[in-house]
Structures are given as C-alpha cells and as structure tokens.
Amino acid sequence: MLNENLTRRTFLKVTTLAGTGVLVGCSFSTQPTLSSTTQKEEHLGLWVKISSDNQIILTVPGVEMGQGIHTAHAMILAEEMEAKWGDISVVHAPVNPEFVADMPYGFMLGQGSTGSMSIVAWWDKLRFVGAGCRDILIKAASEEWQVPSKECKAKNSKVIHVPSNKELSYGQLATKASQIDPPSDPQFKSKLDYKLVGKSIPRVDIPSKINGSLKFGTDVRIPGMLYGAISQSPIFNGKVKSFDEAAAMKIKGVENVIQVESMEDGGTPGAGVVVLADSTWHAIKGLEALKVQFEGGKILGFNSKKIEEELDATLNDIGKSEITEKVYLDEEYSGQFLSHACIEPLNCTAIVKDDICEVWAPAQGVNRVKEIAIDITGLDEEKVIVHTPHIGGSFGRKQDFNYFEITLKIATKVRKPVQLVWSREQDMRGGFFRPVNKSRIQVEIGDDGMPIKWNKQLAVPSIAANFREMSPLAIFDFDPPNIGGTVGDHFAAQMDYHDFSHPYEIPNADFEYSNVDLGIPVGPWRAVGHVHNTFYVESAIDEIAHKVNQDPLDYRLKLLANKPRHTKVMQLLAKKASWGKAIPKNHGRGIAMGVYMSGIAAQAIEISVNNRGKLKVERVDCVIDCGRYVNPNIIKSQVEGGIIMGLSSTISEKITFEKGQVVQGNFDEYKIIRMKDIPEINIHLIESNEKPGGIGETGNPPVAPALTNAIFAATGKRIRKLPIGKQKLV
C-alpha cells in the first residue's frame, strides 16, 4: 500500500541513460530526482527504461518462482503506459531498499516474493509508474508539436495527435520526455478501458522456457567454476565423525574437500562435508567415496510416535475448556510434517574475490542474501552483487538462507567460482518442513443448532522461532504464521494482515496456542497456518451441521450472514457444483471455504469410494474472489496448482522420523499424487472491484476439509488425521 505521508510528486524519477532513452523510476522513501543526467541507475527505485528503438524494459521487484508475477507486473505497467505488449520485456530487480514490500510480513523477507503479496503490494505503485510515464510522454509530444496535451492520446507505445493524426513513438519521445517534470497526480485509466489487465495475456517467460534459454540457478556457468556436492548430518545439528578425504581426492576431477559447520538457525540439518570438482558428476562420485560418518544431534533416537506423544502432552497441558451440557462437539484433528518437494532442489552459485562478490541466489528474499554475503566476505555493500535467477518452485522452501551461507563460505575459502547443489535426498531430509500439528475443538450450540461458544487449542512447533526477524515473538509463545485461519477476533487478527481469521462469525470464540519445541526446523509451506486451521475449522463445522441435520452449505451460509462478499462466493459455488442435486451411489460431495491475503476460495469436491475402500477424487469446483485481478489464466493456473498440492498433501504426503532421521528422501518414499489421480478441476472467478488480493496460496486451504467432508458424505467415515493414507474408508 502507498505510504500516506508521500506526495504524488515523489512517485516518479526521470533520467537519461547514455543517450539510450528515458528511465522512469518510482521512489517511495527519497526525494525525487528530476531530469538528472548524473543519477546512477542503481539509485533509482522501480523503473522503466524506454530505448530509442521503442523497447520498454520493466525491472520488477517480485521474484519469479513460476507464479507468473513478471507477466502480471508487466501487464499492470503496460496498461497504464498504453504500451504495446510486444514492446515489453522484464528483468529481475537489483537489491535495493526501494523494492521492499510495504506489507505485513514484508519485514520478514524484505525484497522478494512471499505471502501471495506480489500483486497486493505493488498494484498501486506500478500503476503510478505507468500512468506517470504515459503523461510525461504525452506532454513531450504536445511540446514537440506545440499543441495542447488534451489533443493528444497514447496508444500502442505511441502518442497520437488526434486532429492531425500525427504520431511519435515512445522511443522518439524518450529524450525530450526525460527533461519534463512528472505530473503531480497521474490519472489512472478506467477499468472499462483496460486492454490488458483482466485478460489472459500469454506469459512473458513461456518462449524462453520452451526454447531452453531461460536461466535457473543451476544453469549458471562461470569460467573456472567448481561444482559442489554436499553431505550433511541426517540428524539435525549432528556433527561430522569421520570421512575419507584421501579416497575422495583419488576420484577424477575432484579438487577439494571442505568441512561445513553446523548452524543453529534455519533449515539446514547440521555439520557436513562438501566435495568440489570439475563437474557435478565427479563431485557426486567423490562424495560417495568420502564415506562420511556422523554422530550426535538434537533429536537422536526421536521418532514419529514420540512426536505424537509430545503433541498430546502439550494439548493436555493447555487443558480442555469447561464442559457444559450443551457441548456438541469435542474432537481432535491432526496433520503430519510436510516437505515442499520443489522440482528444483536447493542450489547457489557464488564467486568471491578481494574486491567483489557475486551471488546467483534462487531465493524468495534476495536482500537477506546480500546481508549474508556482506557479513561473510567483509566487503562493502556496493561490492556485493546479487543476481536473481528464476526459481523452479519454492512454496516457502527458499526462505531458508543457510544454503547461501554455506556456498558463500566455501567460495570465500577457495577463491574460485563455486556452484553448490543439494541432492534430492539432502534437500528433502534437510528440512525445514511444514510443521506437524494437532488441535482440539470444543463447541457448544444453541437451540437453533448454531454455535454459541467455540474453544480451540492448537499444539504446533513455532514457525516464528525459526526466523531471525520473527524469533522475538516466539519468546512470548506467539506465532502469527501458524495461527492464521482460526475462528475469532483474537489478538493476531487485529494485525494489519488481510483475512487473518476464518470468516465464519461465531460468538464466544476462544483460541489457545502452545509451541511444541521438537528440535526440528519448521517454516512456511504454501498458505502456512491457514492450511491446518482451515482443515480444523471446516471439519468441525461440517460435523456439527450433520449432527443437527442441516445442509452443510445452508449451515455455512448462516455463519456468513453478515459477510456478503463471502456469501456470494459460496452461493456461486453451490450453483457451479450443482450442490443438492443427486449423485451416483458411493459418491459423496464435500464443501469448505478458506481465505488468504484478501483472497477468498470456496470449494466443492466430489469423490467416490468403491466397495474395497479405494478413493477417487472425481471433480473439484472452486470459486475465487481475489478482488481486481490481472491475468485470469495465471490465476487459474495458480489455483489449480494449489488444489493439486492440497489433494496430494491430504491424500498421501508425510514426513516421518525414525531414530532421529527423516525416513523419506525421494519421490519413491514421499508420495505425491500422479497425473492419473488428477480430477476434473473447474475454476470460476468472480468479477470484483475490491482491491487485489493474493492468489498463489488461496486455493490450498479449503482442499483438505472439502475432501474429507466428501468422504464422510459418501461413507459416514470421519477423517480427522492427515494424510488419509491407508485409513480404512469402508
């Protein structure tokens, strides 16, 4: 959101760049620099470069992780600029304070993409840049032709003088535009005049993905670069006991063996050893010959049964609420640790010299990488350069910064370019994870069958404790990331965070949380606490609705009586999913609603269970209200991905422990659903004039309860423990 203390005049900076055209930037914390030929490019904030050949380059603050943010940001800017879509190209922003999102939790990562905030945070700012740039170019043309600006209009990267039909391209106007003061209050286009925003424009990164030219972290190549493979303790905070360096050095191409110390914070497991070689394959073979042995660790001997006992003990310490005769529900629900299971494993490339450090960091928060590099190398800020390649999926995983720290320490030691890649097994077993969790819900109902008192206790390892910027909150047993999606107007819901609580209005809602310190690193996982809390809330509501013999949809609509926007979403879902109409024998239909970062999602899932208890998800209908949206195809892709991820985690995914070690190491053990398991998915977008909301995580939270509620509708079997796994359904 825009800083209220800023004037419109601070939104634009203009400067010429070595005769190439005009650079328009957007600064929100410093005074504007107008028409300066000496302003350094890196001192500008959000900027647009218009070259003399009419190419428009947008530097975007959001990190592209496959969510389509480069396309969406470019569309917003091009729309207000009246730029021709084919003239637009996009690059990642350099690390700069101007690119830090002014949003809740923005402080946690600084510059990057997190919490589905990339559109929410930059919608207004990008529109200001685009509209201001358009107005400057129109002004430049009017002065060139000596006609009133009102006789000119911008269209397709040109300014046209309407009475005479004369036209000049943006590239032809760039130099003159650089000498014009920006408007104090650029006017936004009407939504009715949009040509790009709201349309399914092809993504800007598709051609380069198809032809293979798009660069991910592991595509970085530097002359003389060494390739690294790493083995770290399978038990968190374990130590290296021994390794055979001589055997590793005999392997062809191996150049160095370096020991890595354990780190106290973040997600990497502990001490380890890195083998550097002239190729990844030689590094892997060297690591095999190394035969590393480990000892010790925080959770030596720990297993999943012990974890369950710890969760139960924590819930018992919290204690049940006072029971009355009207208590109608008293149940416990739980979920397992989950892996992010990104297709792209952890990797980092770095080169450290006496006078410069460069890092290629597939990270969700790139300014944190720069801070780490400065700290390790001792170099001045201007001598540290962080490049941001495209990321092959993250879902929160690449908010762990220890793998950058390890790579930078090794590069500093060997003084050669180093690319370190974690194997699938090292990545998956090295956490962090979506935290294991357990909750107890007790509900009292009134004579009308509606809740009159709601008590929920939550036992879960703290996410806040694992992040430097949020760790002080953990001291007070307060963990905002873990408690989103709960019912009630509790303290956390008063934070400046959109739709922190579940929308159902239930009187006398009480919530208690307690951290369960298991010594296992945990962190954000797509939609964070909203996932497990929505499962709890929507499961409990469904149970009550059936117990009081009310239709689950009608029951929820009563709880949304004062929420017209949410009601509209639920009513459209009922229509699209044909709620209430007959379905085949052994089929069931479940329903649920979730919210995340001002995005609303309601889902109806239809399943079938055969006589042998085999589950099949037949169909998913989802209605989304995310406010004003940019690209419907990107939204549908994001929601479909969230639904599939939700189905997979609900049906089969789990991380378990034996003897202090993670059992699952690859996709043969960590079961994700396959293409053959994907149902028909129908996404329906609501047209809205509300401010833009988040979408990358919004589709995930309702999946688990909609699915388990459907299982109950088909079989009468309640699933309160996830994943469903091998639980008997008939």
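Computed from a predicted model, the values in this text were never measured in an experiment. (Residues numbered from 1 in each chain as written. Predicted model: local features only at pLDDT ≥ 70, side-chain atom pairs only at ≥ 80, totals over all residues. Heavy atoms only, no water.)

J.: Sorry if this is basic, but what is going on with the overall build of the protein chain here?
T.: Scanning the protein chain for helices and strands turns up 18 helices and 27 strands. Out of the 730 residues in the protein chain, the part that is buried amounts to 61%. Across the protein chain, every contact between residues at least 6 apart in sequence was considered, and the portion connecting residues at least 24 apart equals 74%. In the form shown here, the protein chain has an accessible surface area of approximately 28900 Å², with 49% of it arising from carbon and sulfur atoms. (Helix = DSSP H or I, 4+ residues; strand = E, 2+ residues; numbered from the N terminus. Buried < 20%, exposed > 50% of the residue type's maximum accessible area, 1.4 Å probe, protein only. Contact = heavy atoms within 4.5 Å. Areas by Shrake-Rupley, 256 points an atom, 1.4 Å probe, with all protein chains shown as cover.)

J.: What is the right way to read the sheet that holds strand β18 (residues 418–421) from this model?
T.: Sheet strands line up and pair through hydrogen bonds in the backbone, either parallel or antiparallel. As summarised here, the arrangement of the 7 strands in space is β11-β12-β9-β18-β15-β16-β17, forming an open sheet in which the pairing is mixed. Whereas interior strands pair on both sides, the edge strands pair on one side only; in this sheet they are β11 (254–260) and β17 (384–387). When strand polarity is set aside, the average angle formed by the axes of neighbouring strands in this sheet is 20°. Strand direction decides the pairing type here: strand β9 (residues 226–232) and β18, joined by 4 bridges, are parallel. The partner of Y227 across the bridge, within β18, is Q419. Relative to the sheet, helix α10 (residues 402–414) contacts β9, β11, β12 (272–277), β15 (347–352), β16 (357–360) and β18, its axis offset from that of β15 by approximately 30°. (Pairing = 2+ DSSP bridges. Axes fitted to C-alpha atoms, helices over the stretch in contact; angles between N-to-C directions.)

J.: What is the right way to read helix α16 (residues 564–576) from this model?
T.: Three- or four-residue spacings in an α-helix give side chains the same orientation, since the helix completes a turn every 3.6 residues. Here α16 is 13 residues long and its end C-alpha atoms lie 18 Å apart, about the 18 Å a rise of 1.5 Å per residue gives. Every buried residue of α16 is accounted for by H566, T567, V569, M570, L573 and A574. Mapping the buried residues of α16 onto a view down its axis gives an arc of 160°, with all of them on the same face. Exposed residues on α16 whose side chains face more than 90 degrees from its buried face are P564 and K575. On its buried face, α16 sits against α15 (552–559), β22 (587–596), β23 (599–609) and β24 (615–625). Just beyond α16, the residue with positive phi is S578, at close to 55°. (Expected span 1.5 Å × (residues − 1). Arc of directions from axis to C-beta.)

J.: So what exactly am I meant to see when it comes to the sheet that holds strand β7 (residues 158–161) here?
T.: In space, the 3 strands of this open sheet follow the order β6-β7-β8, with antiparallel pairing throughout. Edge strands, defined here as strands with exactly one partner in the open sheet, are β6 (152–155) and β8 (166–169). If you compare each strand with its neighbour and ignore which way they point, the axes differ by 25° on average. Note that β6 and β7 share 4 bridges and pair antiparallel. Considered in β7, the bridge of K153 is made with I160. Those strands touched by helix α4 (residues 170–177) are β6, β7 and β8, and its axis lies near 75° from that of β8.

J.: Would you take a moment to explain the packing of aromatic side chains for this structure?
T.: Ring pairs (aromatic) are described by centroid distance and by the angle formed between their planes. Going through the model one piece at a time under the given rule, you end up with 12 aromatic pairs. Plain terms: the ring middles of Y403 and W422 are 5.9 Å apart, the flat faces sit at 80° to each other, and that makes the pair edge-to-face. With Y403 in helix α10 and W422 in the loop between β18 and α11 (424–429), this pair connects stretches of sequence that are 19 residues apart. On the basis of relative accessible area, Y403 is assigned to the buried category, the value being 0%. With a centroid separation of 6.1 Å and an interplanar angle of 50°, the aromatic rings of F535 and Y536 are classed as tilted. Comparing F535 with Y536 shows no difference in burial state: the two are buried. Every member of this aromatic cluster is reached through a ring pair, and the members are F236, F337, F433 and F657. The ring of W525 has R434 lying over it, and the distance from NZ or CZ to the ring centre is 5.8 Å. (Phe/Tyr/Trp six-rings, centres within 6.5 Å; stacked < 30°, edge-to-face > 60°. Lys NZ or Arg CZ within 6 Å of the ring centre and 35° of its normal.)

J.: Got a minute to help me understand unusual backbone geometry in this structure?
T.: Peptide bonds are, in most cases, trans, and in most cases residues other than glycine have a negative phi. Along the chain, L722 connects to P723 via a cis peptide bond; the corresponding omega equals 0°. Along the chain, P723 turns up in the segment after α18 (703–715). The phi torsion at N156 lies on the positive side, around 50°, for a residue other than glycine. Its location among the elements puts N156 in the loop between β6 and β7.

J.: Help me out: how do you make sense of the state of the cysteines in this one?
T.: Here a disulfide denotes one covalent bond, and it connects the sulfur atoms of two cysteines. Under the definition given, this model contains 0 disulfides. Looking at C348, it has no disulfide partner, and the nearest cysteine sulfur is the one in C357, 8.9 Å off. Owing to a relative accessible area of 0%, C357 belongs among the buried residues under this scheme. (Disulfide = S-S within 2.5 Å.)

J.: Explain the confidence of the model for the protein chain here, please?
T.: Per-residue pLDDT for the protein chain has a mean of 89; in total, 89% of the residues score no lower than 70. Residue range residues 1–19 is modelled with pLDDT below 50. Its contacts to residues more than four positions away, or to other chains, number 75 contacts. Taken as a whole, residues 28–45 scores under 50 in pLDDT and shows 48 contacts with residues more than four places along the chain or in a different chain. (pLDDT = per-residue confidence, 0-100.)

J.: Looking at this structure, how should I read the packing of helix α9 (residues 366–377) against α10?
T.: Between α9 and α10, whose axes approach to 10 Å, the crossing angle comes to 35°. Of the two possible hands of crossing, α9 and α10 adopt the one that is right-handed. Facing V369, I372, A373, I376 and T377 of α9, the residues of α10 in contact are F404, E405, L408, K409 and T412. Counted by class, the contact of α9 with α10 contains 6 nonpolar, 2 polar and 2 charged residues. (Left-handed = near helix turned anticlockwise from the far one by under 90°. Nonpolar A, V, L, I, M, F, W, Y, C, P; charged D, E, K, R; others polar.)

J.: Is there a simple way to think about the environment of I683 in this case?
T.: Mapped onto the elements, I683 comes out in strand β27 (residues 680–685). In this structure, the C-alpha to C-alpha distance between I683 and V639, residues 44 residues apart in sequence, is 7.6 Å. Ignoring anything within four residues of it in the chain, the contact list for I683 reads C622, I624, K636, V639, E640 and I643.

J.: Mind showing me how you'd approach the pairing of β23 here?
T.: It is a general feature of regular strands that their side chains alternate between the two faces of the sheet. With 11 of its 11 residues buried, β23 lies for the most part within the structure. Alternating positions in β23 separate into two faces, G599, A601, Q603, I605, I607 and V609 on one and I600, A602, A604, E606 and S608 on the other, with burial throughout. Hairpin connection between β22 and β23: a loop of 2 residues separates the two successive antiparallel strands, and M597 in this loop has a positive phi of roughly 45°. Strand direction decides the pairing type here: β23 and β24, joined by 10 bridges, are antiparallel. Counterpart to S608 in the pairing with β24 is K616. Connecting β23 to the next strand, β24, in antiparallel fashion are 5 residues, including G613 with a positive phi near 85°.

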